[in-house]
Structure formats: C-alpha cells, structure tokens
Amino acid sequence: MRAGDDLELWIEDVQLDVVSRLRMRGKADVSTYFGNYDRISDWTLSLGSVDGRPAILIRNPQEPDGAVRGFMLVEWQDERVVQIRDFRYAPWCLVDAEISTVEG
C-alpha cells in the first residue's frame, strides 16, 4: 500500500503545507501529494523528532553522509491526519532544529 492509498486516515478537510511551495486542502487534492513523492527516488523516510515533536525525517539515499535534508510534521486528531507540514524545500529550517532519530 502506498502512503496516499488509505484516505480513511485523513479528515475530509486535511491541510497540506509544502513550505515555500504550495498549500492544499481536502482529501482529493492532498492525495496527489503522495503520488508526486512516489514518482521520485531522491528521498528516503524515517521516524524521528524535530524540536521535540514527532516527525518524518527526509534523507537523500544517494548522498553518502546520510544527513537529514528535510522533515514533515504530521498533526493528528482522533486518529486521523488533520495537517501535514512538509519542510523538504525549506532547508533553512534545519539550521537551528534539534533533530533526533528513532532507532528500530
């Protein structure tokens, strides 16, 4: 199953903010976001935290240093996604961020 396939996990008016790029609202529009990521290969995702908040960390698997290149913050309410903030295209947000990974 791909990330956008299970729309039952999202509220109807889910919000997406790809920082510095675009904003979307609603299941139909936001579901295209995951399709876009599915077509590219310069990222890999892992769990972690940014400034103490649970986060999805983005790395480029082709870069040998394995450094975090961006992150996504996902807000949940009643077991459903209400907002996604994607900082992949906002590298300045990494400068002062406290980032930790979840080992497992």
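Everything below is about the structure shown above.
In this report, we go over the structure that sits alongside the text. The structure presented is a predicted model; accordingly, all values stated were derived computationally and were not measured.

Turning to the environment of Ala55, a few remarks are in order. Here Ala55 is to be found in strand β4 (residues 53-59). Along the backbone, Ala55 and Leu45 are 10 residues apart, and their C-alpha atoms lie at a distance of 10.0 Å. Excluding residues within four positions of it along the chain, Ala55 makes contact with Ser46, Leu47, Gly48, Ser49, Val50, Met72 and Leu73.

Tracing the backbone shows Leu94 in the loop between β6 (80-86) and β7 (99-101). Among all residues touching Leu94, those that are not within four sequence positions of it are Val68, Arg69, Gly70, Phe71 and Ile99.

This part takes up the nonpolar core. Ranked by size, the top nonpolar core spans 11 residues in total: Val19, Val50, Ala55, Leu57, Val68, Phe71, Leu73, Phe87, Ala90, Leu94 and Ala97. When contributions to this core are tallied by element, the ones reaching two or more residues are β4 and β5 (68-77). The leading source of residues in this core is β5, at 3 residues.

Further remarks concern the pairing of β6. Where β5 lies against β6, 6 bridges are found, and the strand directions are antiparallel. Bridge pairing in β6 places Met72 opposite Asp86.

Conventions and cut-offs
Residues numbered from 1 in each chain as written. Predicted model: local features only at pLDDT ≥ 70, side-chain atom pairs only at ≥ 80, totals over all residues. Heavy atoms only, no water. Helix = DSSP H or I, 4+ residues; strand = E, 2+ residues; numbered from the N terminus. Contact = heavy atoms within 4.5 Å. Core = buried A, V, L, I, M, F, W, Y, C linked by side-chain atoms within 4.5 Å. Buried < 20%, exposed > 50% of the residue type's maximum accessible area, 1.4 Å probe, protein only. Pairing = 2+ DSSP bridges.

Functional significance is not addressed by these values, which are geometric in nature.
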